[in-house]
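Here's the letter readout for the chains.
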Amino acid sequence: MLVGCSEPIDFAPAEHRSVAPSDDGIPDPITVEPGFVARSTVGRRVTLPGSVEPQLVVATPRFDGRIGDILTTRELSYELARMLDQTTPLTAPSGHRFVAFTAQAGRPAFPEAGSRTAGVVLHVDGAPQPLRSMFGGMNRDRQYQVQWEFIVACIPDEGKLVLAVTDEGQTVQVDLVTGQPIVDEAWQLCEGFRRRRVVVFSPQQGVFERAFTAQPQGYEPATGLFRMTLAPNNAFLAPWNPVNGWAPMGEMWLTIPMNARVEFEQIGAQIELDVPRSLTLRIDGGATLDVLDPATLATEDVRRQRADLITTHRVPLALTGADLEFNAQGTVSVDFRDMPGVAGAFTGQGKPVLLRVDVGDGPDRFGG
């Protein structure tokens, strides 16, 4: 019965039949269902001819990415479809279109910790599609495993495609049809994560010295010298941190590790520093910003390397510079051989440590 047939017969149901290639070797396109979503597994940048390039950064405490290209089209070429593990070109159904976009991995400010992660969702004309393990997930060094994402969704001609990232109670959103952010409170709060800043100190360190005395009952006063070296480095500016939560709108947290070292001459002492009274941060323009924490610091803990002087300040989002001054204030206690815990006091005037603080934009973390 088959002898007279000019071509083999395919007995498979029509929906499972392979697509015949055209004369140029490329299969004919197939029409996808409304709401179609596909995500590439290639992990490298995909070129989208005719696309726009908003270069829009989307960042939260534990997410960091940049929208590279956005393409709106009725048909996806064979080359682009193959990037989505499809075997034919793709066509949008009547009244629909594809929105394709690429996203480049950055470097999140904070690591993921257990359940404390950023949730990424693609809202396809209102229908949520979770994007799990965006950029392949994060390693312990806060680096993503995959550098690029390529994602396509089919939406109605008048439909919406929104990328939403939820992190620490805030959700930032980007309209992928227009390539513009949805500017609300969450978007504004996260500005400090999108625009990373670096803090530089000059000189790189300063040394504070001040004499102190203590007089045990029945003895002559004993005098010692307290020395504290400050070498601040790796200061961090962010609108959120695990200790203080979200900073008020228009402000950020500035955290400064001082890399402090403590030394004594003649006699030793235990000094309980009153940190807010000892350290002053004056921003350009004259305002003095309080130390939020810590309230106190024991020099014995610093000397034995059990603690460092790490201060946190609430600063304006647009901070460009400040002056940091340290002049030790606090209580002094000296342990004598037979008389521990003898109260002492600072004497004379110590010369304050003065450091200049300059704030500027950080390097390009996306690498072009």
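Owing to the predicted nature of the structure, the values given are computational and were not obtained by experimental measurement.

Caption draft 1: A look at the layout of surface pockets. In this model, the largest pocket occupies a volume close to 490 Å³. Taken together, 22 residues line the largest pocket, and the ones lying closest to its centre are Arg197, Val198, Asn234, Ala235 and Phe236. At the level of elements, β14 (197-202) and β17 (236-238) are the ones that each hand at least two residues to the lining of the largest pocket. When its residues are assigned to classes, the lining of the largest pocket shows 12 nonpolar, 5 polar and 5 charged. For the second largest pocket, the calculated volume is near 190 Å³. What lines the second largest pocket is a set of 14 residues, among which Glu112, Ala118, Val120, Ser133 and Met134 lie closest to the centre. By residue class, the composition of the lining of the second largest pocket is 8 nonpolar, 3 polar and 3 charged.

Caption draft 2: A look at the environment of Arg107. Note on placement: Arg107 falls in the loop between β7 (96-105) and β8 (119-124). Of the residues examined, Arg107 reaches a relative accessible area of 30% and is grouped as partly exposed. In this structure the C-alpha to C-alpha distance between Arg107 and Arg62, which are 45 residues apart in sequence, comes to 8.7 Å. For Arg107, the residues in contact, after removing those within four places along its chain, are Asp64, Asp141, Arg142, Gln143, Arg196 and Arg365. In terms of polar contacts, Arg107 uses its side chain to reach the backbone carbonyl oxygen of Asp141, at 2.9 Å.

Caption draft 3: Molecular detail of unusual backbone geometry. The linkage connecting Ser202 with the following residue, Pro203, adopts the cis geometry, with an omega of -10 degrees. Structurally, Pro203 can be placed in the loop between β14 and β15 (206-214). Going from Asp293 to Pro294, the amide bond is cis rather than trans, its omega being 0 degrees. By the element assignment, Pro294 lies in the loop between β25 (291-293) and β26 (296-298). Unlike most non-glycine residues, Asp85 shows phi in positive territory, near 65 degrees.

Caption draft 4: Local environment of the sheet that holds strand β29 (residues 330-334). The 7 strands are arranged β21-β16-β15-β30-β29-β22-β26 in an open sheet whose pairing can be described as antiparallel. If you trace the sheet from one side to the other, it starts and ends with β21 (261-265) and β26, each paired once. Recorded for the sheet is a direction-independent mean angle of 30 degrees between the axes of neighbouring strands. By the bridge criterion, 3 bridges tie β29 to strand β30 (residues 342-347) in an arrangement that is antiparallel. The residue of β30 that forms the bridge with Ser333 is Ala343.

Caption draft 5: Focus on the sheet that holds β17. Pairing is antiparallel in the open sheet, where 4 strands are placed in the order β17-β20-β27-β25. A strand with exactly one partner marks an edge of an open sheet, and here the two such strands are β17 and β25. The sheet shows a mean angle of 30 degrees between the axes of neighbouring strands, taken without regard to direction. Pairing of β25 with strand β27 (residues 310-316) involves 2 bridges; the strand directions are antiparallel. Among the inter-strand pairings, Val291 is bridged to a residue of β27, identified as His313.

Caption draft 6: Up close: the pattern of salt bridges. Taken as a whole and judged by the stated rule, the model has 23 salt bridges. Across the pair Arg45 and Asp69 runs a salt bridge whose closest N-O atoms are separated by 3.1 Å. Within this pair, whereas Arg45 is found in the loop between β2 (37-39) and β3 (56-60), its partner Asp69 is found in strand β4 (residues 63-73), the two being separated by 24 residues in sequence. Look at Asp69 and you get buried, because its relative accessible area is 4%. Through salt bridges with shared partners, a single ionic network connects Arg62, Arg116, Asp167 and Glu168.

Caption draft 7: Empty space enclosed by the protein, seen in detail. Under the defined criterion, the tally for this structure stands at 1 cavity of 30 Å³ or more. By volume, the largest cavity is sized at about 40 Å³. Residue lining of the largest cavity: Leu56, Val58, Phe63, Gly65, Arg66, Ile67, Ala103, Met134 and Leu163, and that is the complete set. When its residues are assigned to classes, the lining of the largest cavity shows 7 nonpolar, 1 polar and 1 charged.

Caption draft 8: Local environment of the confidence of the model for the protein chain. Chain-level statistics for the protein chain give a pLDDT mean of 92 and a share of 93% at 70 or above. Of the regions scoring below 50 in pLDDT, residues 1-20 engages in 9 contacts with residues more than four places distant in sequence or in other chains.

Caption draft 9: Quick peek at the packing of aromatic side chains. Enumeration according to the criterion identifies 12 aromatic pairs in this entry. Measuring from ring centre to ring centre gives 6.3 Å for Phe36 and Phe98, while their planes differ by 75 degrees; the resulting arrangement is edge-to-face. Note that Phe36 is positioned in the loop between β1 (30-31) and β2 and Phe98 in strand β7, a separation of 62 residues in sequence. We note that Phe36, like Phe98, is buried. Measuring from ring centre to ring centre gives 6.3 Å for Phe226 and Phe346, while their planes differ by 45 degrees; the resulting arrangement is tilted. In this pair, Phe226 is assigned in strand β16 (residues 222-230) and Phe346 in strand β30, connecting sequence segments 120 residues apart. The class of Phe226 is buried, set by a relative accessible area of 0%. Under the relative-accessibility criterion, Phe346 is labelled buried at 16%. Linked through ring pairs, Phe208, Phe212, Phe226, Phe264, Phe326 and Phe346 together constitute an aromatic cluster.

Cut-offs applied
- Residues numbered from 1 in each chain as written.
- Predicted model: local features only at pLDDT ≥ 70, side-chain atom pairs only at ≥ 80, totals over all residues.
- Heavy atoms only, no water.
- 1 Å grid on protein atoms, 1.4 Å probe; cavity = no way out; pocket = protein on both sides within 12 Å on 5 of 7 lines; lining within 4 Å.
- Points joined across faces, edges and corners; volume = space filled by probe spheres on them.
- Helix = DSSP H or I, 4+ residues; strand = E, 2+ residues; numbered from the N terminus.
- Nonpolar A, V, L, I, M, F, W, Y, C, P; charged D, E, K, R; others polar.
- Buried < 20%, exposed > 50% of the residue type's maximum accessible area, 1.4 Å probe, protein only.
- Contact = heavy atoms within 4.5 Å.
- Polar contact = N/O pair within 3.5 Å; in protein donor to acceptor, adjacent residues only side chain to side chain.
- Pairing = 2+ DSSP bridges.
- Axes fitted to C-alpha atoms, helices over the stretch in contact; angles between N-to-C directions.
- Salt bridge = Lys/Arg side-chain N within 4 Å of Asp/Glu carboxyl O.
- pLDDT = per-residue confidence, 0-100.
- Phe/Tyr/Trp six-rings, centres within 6.5 Å; stacked < 30°, edge-to-face > 60°.

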